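# Notes for the structure review
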Amino acid sequence: SLTLQFSSMKKERKKIIQNYSVVDLFCGVGGLTQGFVKAKFEVCAGIDFDASCKYAYEKNNLTNFIHADLTKYSPVEIDKLYPTNSIKILAGCAPCQAFSTYQQGNKKNDKWKLLYSFGEIIKQIRPAIVSMENVPNLLKYNKGKVFEDFITVLKTNNYFISYKIVDAKDYRVPQRRKRLILLASKFGEINLIGKTHTGKKIKNVLQAIGHLPKIKAGEAYYKDKLHRARELSDLNLRRIRATSEGGSWKEWDDELILNCHKKESGKSYGSVYGRMNWYEVSPTLTTQCTGYGNGRFGHPEQDRAISLREAAILQSFPKKYDFIEPNEGFTTSVIEKHIGNAVPPRLGYVIAKSIKEHLIKCHVN
């Protein structure tokens, strides 16, 4: 049973790392948790407001998912998740849509408040280690006030703090994905490890997904429900067939070009309706990354957008990461959102490894 699997896996992790325990806030389907699991940490639980993440989170990480609104969930309840006398690690990625460039003028988007909730939880439970991942634009959001307020919480609670903007491609994620990573510790100076892959060692699209079976637009591979591609209209099929590897709508005949792209204001959107390049990393994957018209999400050579499985692999999820509950229906847009919102597990592993090296350096056990 899944309960027995949880128990067995937790015992195995405790053999390797005795006293460190992690709670993952805003956990989604477990990208960050997967990184901590691979680094042999015990993850007590993940917490998220999106109940549809529960199956994938628990199935792949063998730990508990708690469906809760962190603006209302008691920090006392979070504190109870940690084993007695454990060294508490609190990790999280508050939903970043509010901080993105595209949402700056959206007054209805108030998800930035979740970072304040994160700060309140830190003040209440005082974890030994904090990690936070978000989009770089958080540094500028509301003239930097939201981020500065979060830093103030950490400083007033006596944390050593470091943060920097990194590109996930430098850590063997086959994707151009810039992220702000913050680490904080009660024990001393803490820093993210340096780039692990540069130059020719960077993993490209071909290395990541070139081996997958060929499928057509609207088809799914019979052995993998996640390896499915969205249907394309006849017009969009003509468009993608007129696009070379790494190319975009700028190559098309005039009859295929959208009216909005013929205007001066539309000429800057060069990546939409584009194909990926086999020998480069993918563009940043979004919550609409399997839609042909939503970015450079066309397959490098097949006449379709990338499949859900390809998107997951480009996010560095293991090839057998299970997103779909057996005997249950699913919606492509929901799985696509789960994948696009996730912390790449490989980047999660880098964060976990940085924390492990810091604890060893500080002789904490």
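Notes on the structure follow. Owing to the predicted nature of the structure, the values given are computational and were not obtained by experimental measurement.

Check the secondary structure of the protein chain and you find twelve helices and seven strands. Sorting the 365 residues of the protein chain into buried and exposed places 53% on the buried side. When contacts within the protein chain are restricted to residue pairs at least 6 apart in sequence, long-range pairs at least 24 apart make up 67% of them. Summing over all exposed atoms, the protein chain offers an accessible surface of approximately 17,500 Å²; the carbon and sulfur share of this is 48%.

For the rest of this paragraph, the subject is the nonpolar core. If you look at the biggest cluster of nonpolar residues, it comprises 58 residues, and the most contacted ones within it are Phe36, Phe41, Ile89, Phe323 and Ile355. The element that contributes the greatest number of residues to this core is helix 12 (residues 345–361), accounting for six residues. Counting 33 residues, the second-largest nonpolar core is a separate cluster that includes Ile47, Ile66, Ala68 and Tyr141.

As a further point, take the pattern of salt bridges. Side-chain pairs of opposite charge can arise where the charged atoms are in close proximity. Counted by the stated rule, this structure contains 15 salt bridges. Lysine 337 is the salt-bridge partner of aspartate 50, the closest N and O atoms lying 3.6 Å from each other. A residue pair is termed long-range when its members are at least 10 positions apart, and aspartate 50 in the loop between strand 2 (42–48) and helix 3 (54–61) and lysine 337 in helix 11 (residues 332–341) qualify at 287 residues. You can call lysine 337 partly exposed: its relative accessible area is 35%. Beyond isolated ion pairs, a larger network of salt bridges with shared partners links Lys169, Asp170 and Lys195.

Computed from the structure, the second largest pocket encloses a volume of approximately 210 Å³. Looking at the lining of the second largest pocket residue by residue, the classes come out as nine nonpolar, four polar and three charged.

Next up on the list: unusual backbone geometry. We note that arginine 126 has phi near 50 degrees; this positive angle belongs to a residue other than glycine. Within the element layout of this structure, arginine 126 appears in the loop between helix 5 (113–125) and strand 5 (129–134). Positioned with a positive phi, histidine 363 is a non-glycine residue whose angle comes to about 55 degrees. Counting through the fold element by element, histidine 363 comes out in the segment after helix 12. Using a relative accessible area of 69% as the deciding quantity, one classes histidine 363 as exposed.

Each pair of packed helices can be summarised by the angle the axes make with each other and by the distance between the axes. As a packed pair, helix 2 (residues 31–38) and helix 3 sit with axes 10 Å apart at the nearest point and diverge in direction by 5 degrees. One way to sum up the angle between helix 2 and helix 3 is to call them roughly parallel. Contact with helix 2, carried on its side by Thr33, Gln34 and Val37, involves Tyr57, Asn60 and Asn61 of helix 3 and no other residues of that element. Counted by class, the contact of helix 2 with helix 3 contains two nonpolar, four polar and no charged residues.

Turning our attention to the sheet that holds strand 7 (residues 178–185). With mixed pairing, seven strands are arranged side by side in an open sheet as 3-2-1-4-5-7-6. Among the strands making up the open sheet, the edge pair consists of strand 3 (64–67) and strand 6 (160–167). Averaged over all neighbouring strand pairs, the angle between strand axes comes to 15 degrees, with direction disregarded. Packed on one face of the sheet, helix 5 meets strand 1 (20–25), strand 4 (87–92) and strand 5 and runs near 175 degrees to strand 4. In this fold helix 12 packs onto strand 1, strand 4, strand 5, strand 6 and strand 7, with an angle of close to 25 degrees to the strand it touches most, strand 7.

Now for helix 12. With 17 residues, helix 12 extends 24 Å between its outermost C-alpha atoms, agreeing within 8% with the 24 Å of an ideal straight helix rising 1.5 Å per residue. Residues of helix 12 that are buried: Pro345, Leu347, Gly348, Val350, Ile351, Ala352, Ser354, Ile355, His358 and Leu359. Its buried side turned inward, helix 12 meets strand 1, helix 2, strand 4, strand 5, strand 6 and strand 7. Histidine 363, located one to two residues past helix 12, shows a positive phi value of around 55 degrees.

On to the environment of valine 364, then. Among the secondary structure elements, valine 364 is positioned in the segment after helix 12. For the pair formed by valine 364 and phenylalanine 187, sequence separation is 177 residues and the distance between their alpha carbons is 8.3 Å. Look past the residues within four positions of valine 364 in its chain and what remains in contact with it is Tyr20, Ile87, Phe187 and Leu359.

Overall, the coordinates contain twelve aromatic pairs when judged by the stated rule. Taken together, a centroid distance of 5.6 Å and an interplanar angle of 75 degrees make the contact between tryptophan 252 and tyrosine 273 edge-to-face. Taken together, the residues span a long stretch of sequence, with tryptophan 252 in the loop between helix 8 (234–241) and helix 9 (259–262) and tyrosine 273 in the loop between helix 9 and helix 10 (308–314) at a distance of 21 residues. A relative accessible area of 12% means that tyrosine 273 is categorised as buried. Relative to tyrosine 321, the ring of phenylalanine 317 has its centre 4.6 Å away and its plane inclined at 55 degrees; by these criteria the two rings are tilted. We note that phenylalanine 317, like tyrosine 321, is buried. Grouped by ring-pair contacts, the aromatic residues Tyr20, Phe36 and Phe41 constitute a single cluster.

Glancing now at the pairing of strand 5. With six of its six residues buried, strand 5 lies for the most part within the structure. Here strand 5 shows no split at all, with Ile129, Ser131 and Glu133 on one side and Val130, Met132 and Asn134 on the other all buried. Here four bridges tie strand 4 to strand 5, and the two strands are oriented parallel to one another. What sits directly across from glycine 92, in strand 5, is methionine 132. Sheet topology note: the strand 5/strand 7 ladder contains six bridges and is antiparallel. Note on strand 7: the bridge partner recorded for methionine 132 is leucine 182.

Conventions we followed
- Residues numbered from 1 in each chain as written.
- Predicted model: local features only at pLDDT ≥ 70, side-chain atom pairs only at ≥ 80, totals over all residues.
- Heavy atoms only, no water.
- Helix = DSSP H or I, 4+ residues; strand = E, 2+ residues; numbered from the N terminus.
- Buried < 20%, exposed > 50% of the residue type's maximum accessible area, 1.4 Å probe, protein only.
- Contact = heavy atoms within 4.5 Å.
- Areas by Shrake-Rupley, 256 points an atom, 1.4 Å probe, with all protein chains shown as cover.
- Core = buried A, V, L, I, M, F, W, Y, C linked by side-chain atoms within 4.5 Å.
- Salt bridge = Lys/Arg side-chain N within 4 Å of Asp/Glu carboxyl O.
- 1 Å grid on protein atoms, 1.4 Å probe; cavity = no way out; pocket = protein on both sides within 12 Å on 5 of 7 lines; lining within 4 Å.
- Points joined across faces, edges and corners; volume = space filled by probe spheres on them.
- Nonpolar A, V, L, I, M, F, W, Y, C, P; charged D, E, K, R; others polar.
- Axes fitted to C-alpha atoms, helices over the stretch in contact; angles between N-to-C directions.
- Parallel < 35°, antiparallel > 145°, perpendicular 65-115°, else oblique.
- Pairing = 2+ DSSP bridges.
- Expected span 1.5 Å × (residues − 1).
- Phe/Tyr/Trp six-rings, centres within 6.5 Å; stacked < 30°, edge-to-face > 60°.

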